Amino acid sequence: MSKKSSSKKATTIILGFGSLVVLWVAAAFVGALHQANWQVGELARQYMLATGMMKPLHTLVDFYTHIKGIEYLICVAFFVAFPIFFKYVNKEKQPVALTK
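Here is what the cut-offs are and how they apply
Sequence order as written defines the numbering, with residues in each chain counted from 1. In view of the model being predicted, local features appear only for residues whose pLDDT reaches at least 70, and side-chain atom pairs are presented and counted only at 80 or more, with totals across whole chains, interfaces and linings using the full set of residues. Processing note: side-chain calculations cover all non-hydrogen atoms of the structure and skip hydrogens and water entirely. We call Phe, Tyr and Trp rings a pair once their centres come within 6.5 Å, taking the six-membered ring for Trp, and we label the pair stacked below 30 degrees between planes, edge-to-face above 60, and tilted otherwise. Secondary structure elements are taken from DSSP: a helix is a run of H or I of four residues or more, a strand is a run of E of two residues or more, and numbering for both begins at the N terminus. To sort residues, take the accessible area from a 1.4 Å probe on protein chains only and compare it with the maximum for the residue type: under 20% means buried, over 50% means exposed, and anything in between is partly exposed. A carboxyl oxygen of Asp or Glu within 4 Å of a side-chain nitrogen of Lys or Arg is what we treat as a salt bridge. For every residue, the predictor reports its confidence as pLDDT, a number between 0 and 100.

Visitor: Explain the packing of aromatic side chains residue by residue, including any values.
Guide: What describes a pair of aromatic rings is the distance from one ring centre to the other and the angle between the planes of the rings. Enumeration over the complete set of coordinates arrives at three aromatic pairs. An angle of 25° between the planes, with centres 5.5 Å apart, marks the rings of phenylalanine 78 and phenylalanine 82 as stacked. Here phenylalanine 78 pairs with phenylalanine 82, and both are found in helix H3 (residues 60-89), just four residues apart, close to one helical turn. Take phenylalanine 82: its relative accessible area is 42%, and that puts it in the partly exposed class. Members of the aromatic cluster, connected to one another through ring pairs, are Phe78, Phe79, Phe82 and Phe86.

Visitor: Explain unusual backbone geometry residue by residue, including any values.
Guide: In terms of backbone geometry, most residues other than glycine have negative phi values and most peptide bonds are trans. Its identity is not glycine, yet asparagine 37 carries a phi of approximately 60°, on the positive side. Mapped onto the secondary structure, asparagine 37 falls in the loop between helix H1 (3-35) and helix H2 (40-51). Residue class for asparagine 37 comes out exposed when judged on its relative accessible area of 54%. Even without being a glycine, tryptophan 38 presents a positive backbone phi close to 60°.

Visitor: Break down the pattern of salt bridges for me, with residues and values.
Guide: Counted by the stated rule, this structure contains two salt bridges. Arginine 45 is the partner of glutamate 42 in a salt bridge, and the nearest nitrogen-oxygen pair spans 2.9 Å. On the criterion of helical spacing, the pair formed by glutamate 42 and arginine 45 is a turn pair, its members being three residues apart in helix H2. Put simply, glutamate 71 and lysine 68 hold a salt bridge, and the shortest N to O gap is 3.5 Å. On the criterion of helical spacing, the pair formed by glutamate 71 and lysine 68 is a turn pair, its members being three residues apart in helix H3. A relative accessible area of 24% places lysine 68 in the partly exposed class.

Visitor: Go over the environment of glutamine 35, please, and point to the residues and values.
Guide: Tracing the backbone through its elements, the reader meets glutamine 35 in helix H1. Given the relative accessible area of 67%, glutamine 35 is considered exposed.

Visitor: Account for the confidence of the model for the chain, naming residues and giving values.
Guide: Of the residues in the chain, 98% have a pLDDT of 70 or more, and the chain-wide mean is 89. Mean pLDDT across the elements of the chain ranges from a minimum in H2, with 91, to a maximum in H3, with 93.

The following block contains the structure:
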C-alpha cells in the first residue's frame, strides 16, 4: 500500500467520523430546542442552570448581591481601561519628516 493511498484512506476515515459527530450534535441541538419549545434563550437558561453557571434568584437580597458583583466587575474594568485610553489619547505627536 502506498503512502498516498494510506493517507487518502486516513483522510476519508477522519472526514467520515467528523461527519457523524456533526450529525449527532445537530440532532442533539434540534432535540434540545424542541424540548425548550424552540426558544434559544430558554435553552441557554436551562443549560446555564444545569451546569451551575447561573443560580436561580429567590430573594431580593440574592438579586442585589448578583447586581453588586457585576457592578464591581464593571468598575475594575473601567479602572484598568481608563489609564490605557488616557495614555493613548494624550501621547505626543511626532513630527513627520518631508522628503523631496
